[in-house]
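A look at the structure
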Amino acid sequence: MSRCGQWVGHADFTAKLCNDCGFGSRENDCAVCGNWVGSTETLGVLCGDCGFGSKGDECSRCSSWVGSFEARAKLCNDCGFGTRGEECCR
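Heads up: these notes are all about the structure in this document.

Reading the values: the criteria
- Residues numbered from 1 in each chain as written.
- Predicted model: local features only at pLDDT ≥ 70, side-chain atom pairs only at ≥ 80, totals over all residues.
- Heavy atoms only, no water.
- Helix = DSSP H or I, 4+ residues; strand = E, 2+ residues; numbered from the N terminus.
- Rg over C-alpha atoms; globule rule 2.2 N^0.38 Å.
- Buried < 20%, exposed > 50% of the residue type's maximum accessible area, 1.4 Å probe, protein only.
- Lys, Arg positive; Asp, Glu negative; His and termini not counted.
- Salt bridge = Lys/Arg side-chain N within 4 Å of Asp/Glu carboxyl O.
- Polar contact = N/O pair within 3.5 Å; in protein donor to acceptor, adjacent residues only side chain to side chain.
- Contact = heavy atoms within 4.5 Å.

1. Quick word on the overall build of the protein chain
- Helix and strand counts for the protein chain stand at 3 helices and 6 strands.
- Reading the protein chain from its N end, one meets helices and strands in the order β-β-α-β-β-α-β-β-α.
- For a compact globule of 90 residues, the expected C-alpha radius of gyration is about 12 Å, and the protein chain comes in at 11 Å, within 12% of that figure.
- Overall, the protein chain is about 30 × 30 × 20 Å in size when its C-alpha atoms are taken along their principal axes.

Right, dumping it as structure tokens:
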């Protein structure tokens, strides 16, 4: 899995997961690296480029259309710690 990595700044679009990536125990996997989120549950965000328009309705993990499912993407402690939590997770 990769990461856009741009600083989110003031854009702060919500990163979402599709039904396949966000269902069951997969909902508790980090949207960036796939590790278990644990108790941190930092929510993933998107930069203005990745979250604008219809791109904001794509899954942060697989880029499939989210549809009406819209689970929030989460980050593990490593991927969401400090300034990394302010980077785009797509």
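After that view of the structure, there is still more to cover.
2. Observations concerning the side chain of R61
- The residue R61 is located in the loop between helix 2 (48-51) and strand 5 (71-72) in this model.
- The charged side chain of R61 is buried without a salt bridge, its nearest counter-charge being D29 at 5.0 Å.
- In this structure the side chain of R61 is engaged in a polar contact, spanning 2.6 Å, whose partner is the backbone oxygen of C21.

3. Let's talk about the pattern of salt bridges
- Applying the stated rule across the entire model yields 3 salt bridges.
- In this structure, R90 and E58 form a salt bridge, with 3.6 Å as the shortest nitrogen-oxygen distance. Pair noted here: R90 is in the segment after helix 3 (77-80) and E58 is in the loop between helix 2 and strand 5, with a separation of 32 residues, a long-range link.
- Given a relative accessible area of 14%, R90 falls into the buried group.

4. Some remarks on the environment of F13
- Residue placement: F13 occurs in strand 1 (residues 13-14).
- Distance in space between the C-alpha atoms of F13 and S39 is 22 Å, their sequence separation being 26 residues.
- Discounting chain neighbours no more than four positions away, the residues touching F13 are G44, V45, L46, C47, G48, G51 and F52.

5. Examining unusual backbone geometry
- In the Ramachandran plot, S63 falls in the positive-phi region, its phi being about 70° despite a non-glycine side chain.
- You can see S63 is positioned in the loop between helix 2 and strand 5.

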